[in-house]
Amino acid sequence: MRIGHVIVPAGDLDAQLAFYTGLGLTVRFRDGDRYAAVTDGTVTVGLADATQQPVAGRTLLSVQVDDLDACLAGLVAAGATAGAPQAGPHERRAVVVDPCGNPLVVYERNPA
């Protein structure tokens, strides 16, 4: 398990990129007008348009795991609720709500 990135809503990706690169972050990659990743070399911030926001309008933590299904089962057993896994172009992910009501994303990368 590792923290994958923090997902930040981006209604205007160009404006968000200008802002975050103005802070000194560098662009890791950009996927059209829907998503871009910026980093300080350690932490990645994902700038996501409405189609890429797992929970609309919310900034949330995204955690990468090796086995999504096993992780979800363990989190549910620990008191979380989990949505059904969704397949995306780069990963398989699910929104999980922790016991205090905070949403986060748990994902596994698609095989290369």
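For the chain, an unreviewed UniProt entry supplies the name VOC family protein and the organism Micromonospora carbonacea.

Caption draft 1: Structural context of the packing of aromatic side chains. Applying the stated criterion across every chain yields a total of two aromatic pairs. Relative to Tyr20, the ring of Phe19 has its centre 4.9 Å away and its plane inclined at 85°; by these criteria the two rings are edge-to-face. With a relative accessible area of 46%, Phe19 lands in the partly exposed category. For Tyr20, a relative accessible area of 16% translates into the label buried.

Caption draft 2: Molecular detail of the domain arrangement of the chain. Looking at the assigned domains, one finds that the chain contains domain 1 (1-59) and domain 2 (65-111). With 11 residues of domain 1 at the contact, the number on the domain 2 side is nine residues. Regarding the contact of domain 1 and domain 2, the summed buried area is about 780 Å², with carbon and sulfur atoms giving 56% of it. The largest contributions to the domain 1 side of the interface with domain 2 come from Pro54, Val55 and Arg58, which together make up 38% of the buried area. Inspection of the region where domain 1 meets domain 2 yields zero salt bridges. On the surface where domain 1 and domain 2 come into contact, there are one residue pair in polar contact (both at pLDDT 80 or more). Here the element with the most residues in the side of domain 1 that touches domain 2 is strand S1 (residues 2-9); it accounts for four residues. Its residues assigned to classes, the side of domain 1 that touches domain 2 shows four nonpolar, three polar and four charged.

Caption draft 3: Region of interest: the UniProt feature "domain: VOC" (unreviewed entry) in the chain. When the UniProt feature table is mapped onto this chain, "domain: VOC" (unreviewed entry) is found at residues 2-109. In this annotation, residues 2-109 is assigned 19% helix and 44% strand; the end-to-end C-alpha distance for the span is 12 Å.

Quick notes on the rules
Residues numbered from 1 in each chain as written. Predicted model: local features only at pLDDT ≥ 70, side-chain atom pairs only at ≥ 80, totals over all residues. Heavy atoms only, no water. Phe/Tyr/Trp six-rings, centres within 6.5 Å; stacked < 30°, edge-to-face > 60°. Buried < 20%, exposed > 50% of the residue type's maximum accessible area, 1.4 Å probe, protein only. Domains from an automatic or database assignment. Contact = heavy atoms within 4.5 Å. Buried area = accessible area lost by both parts, 1.4 Å probe. Salt bridge = Lys/Arg side-chain N within 4 Å of Asp/Glu carboxyl O. Polar contact = N/O pair within 3.5 Å; in protein donor to acceptor, adjacent residues only side chain to side chain. Helix = DSSP H or I, 4+ residues; strand = E, 2+ residues; numbered from the N terminus. Nonpolar A, V, L, I, M, F, W, Y, C, P; charged D, E, K, R; others polar. UniProt positions renumbered as here; feature names shortened; annotations may be inferred.

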